[in-house]
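# Residue-level structural notes
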Amino acid sequence: MTANVKIVAVLTARADTVDRLRALLDAMLKPSRAEPGNLRYDLWQDQSDPNRFVLDELYADADAVAAHRATPHFQNYLSQIGDLADRAAFVLNPVLST
């Protein structure tokens, strides 16, 4: 059995780009959630810093992550994100306890 893959991305808008960043991230929600291997795709905004957003993603497995990264909407995101935000992404595996 393959393990789910969680991705948490923290994005902080560059100067004067918060509205453009929000629009780009909003545009990712519907198509990402519609992907067959996507289990969760949520966007959060920091209460103390409205320039900071968090993407909380969950995929069925690594193949679903690869499929997501090959989509036109993700490729569009990649082509713009460097100009709009500083970002850190963490790809996480579940910790199984016995």
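First, a word on scope: everything that follows refers to the structure included in this document. Note that the structure is predicted; figures quoted are calculated from it, not measured.

How each quantity is defined
Residues numbered from 1 in each chain as written. Predicted model: local features only at pLDDT ≥ 70, side-chain atom pairs only at ≥ 80, totals over all residues. Heavy atoms only, no water. Axes fitted to C-alpha atoms, helices over the stretch in contact; angles between N-to-C directions. Helix = DSSP H or I, 4+ residues; strand = E, 2+ residues; numbered from the N terminus. Parallel < 35°, antiparallel > 145°, perpendicular 65-115°, else oblique. Left-handed = near helix turned anticlockwise from the far one by under 90°. Contact = heavy atoms within 4.5 Å. Buried < 20%, exposed > 50% of the residue type's maximum accessible area, 1.4 Å probe, protein only. Arc of directions from axis to C-beta. Polar contact = N/O pair within 3.5 Å; in protein donor to acceptor, adjacent residues only side chain to side chain. Pairing = 2+ DSSP bridges. Expected span 1.5 Å × (residues − 1). Core = buried A, V, L, I, M, F, W, Y, C linked by side-chain atoms within 4.5 Å.

## Looking at the packing of helix 1 (residues 18-33) against helix 3 (residues 72-84)
A pair of packed helices can be characterised by two numbers: the angle between their axes and the separation between those axes. As a packed pair, helix 1 and helix 3 sit with axes 10 Å apart at the nearest point and diverge in direction by 160 degrees. Judged by the angle between their axes, helix 1 and helix 3 are roughly antiparallel. The interaxial crossing formed by helix 1 with helix 3 has left-handed handedness. Across the interface between the two elements, R20, L21, L24, L25, M28, P31 and S32 from helix 1 touch H73, F74, N76, Y77, Q80, I81 and L84 from helix 3.

## Quick look at helix 2 (residues 62-69)
Taken together, the buried positions of helix 2 are A64, V65 and H68. Seen along its axis, helix 2 keeps its buried residues to an arc of 105 degrees; they face one direction. Among the exposed residues of helix 2, those pointing more than 90 degrees away from its buried face are A62 and D63. With a side-chain oxygen lying 3.2 Å from the backbone nitrogen of D63, the N-terminal cap of helix 2 falls on D61.

## A few points about the sheet that holds strand 1 (residues 5-13)
The 4 strands lie next to each other as 2-3-1-4, forming an open sheet whose pairing is antiparallel. Of all the strands in the sheet, just strand 2 (38-45) and strand 4 (85-92) have a single pairing partner and so form its edges. Shown here is a sheet whose adjacent strand axes are inclined to one another by a mean of 10 degrees, direction ignored. Sheet topology places strand 1 next to strand 3 (residues 52-59); 8 bridges connect them, and they run antiparallel. When the bridges of strand 3 are listed, A9 appears paired with L55. Contacts from helix 3 reach strand 1 and strand 4, with the element oriented near 125 degrees to strand 4.

## Section: helix 1
Relative to the 22 Å expected for 16 residues at 1.5 Å per residue, helix 1 spans 23 Å between its end C-alpha atoms, a close match to the ideal helical length. For helix 1, every residue scored as buried is listed here: L21, L24, L25, M28, L29 and S32. The arc that holds the buried residues of helix 1, viewed along the axis, is 160 degrees, so those residues lie on one side. In helix 1, the exposed positions that point more than 90 degrees away from the buried face belong to D19, R20 and K30.

## With respect to the environment of V10
Secondary-structure assignment places V10 in strand 1. Sequence separation between V10 and E35 is 25 residues, and the spatial gap between their C-alpha atoms is 22 Å. In this structure V10 touches R52, F53, V54, D86, R87 and A88, once residues within four positions along its chain are discounted.

## Things to note about the nonpolar core
Counting 21 residues, the largest nonpolar core has L11, L21, L25, Y77 and I81 as its most contacted members. Going through the elements one at a time, strand 1, helix 1, strand 3, helix 2 and helix 3 are the ones with two or more residues in this core. Residues contacting L21, with those up to four places away along its chain left out, are L11, T12, A13, F53, I81, L84 and A85.

Keep in mind that these numbers describe shape and distance, not what the molecule does.
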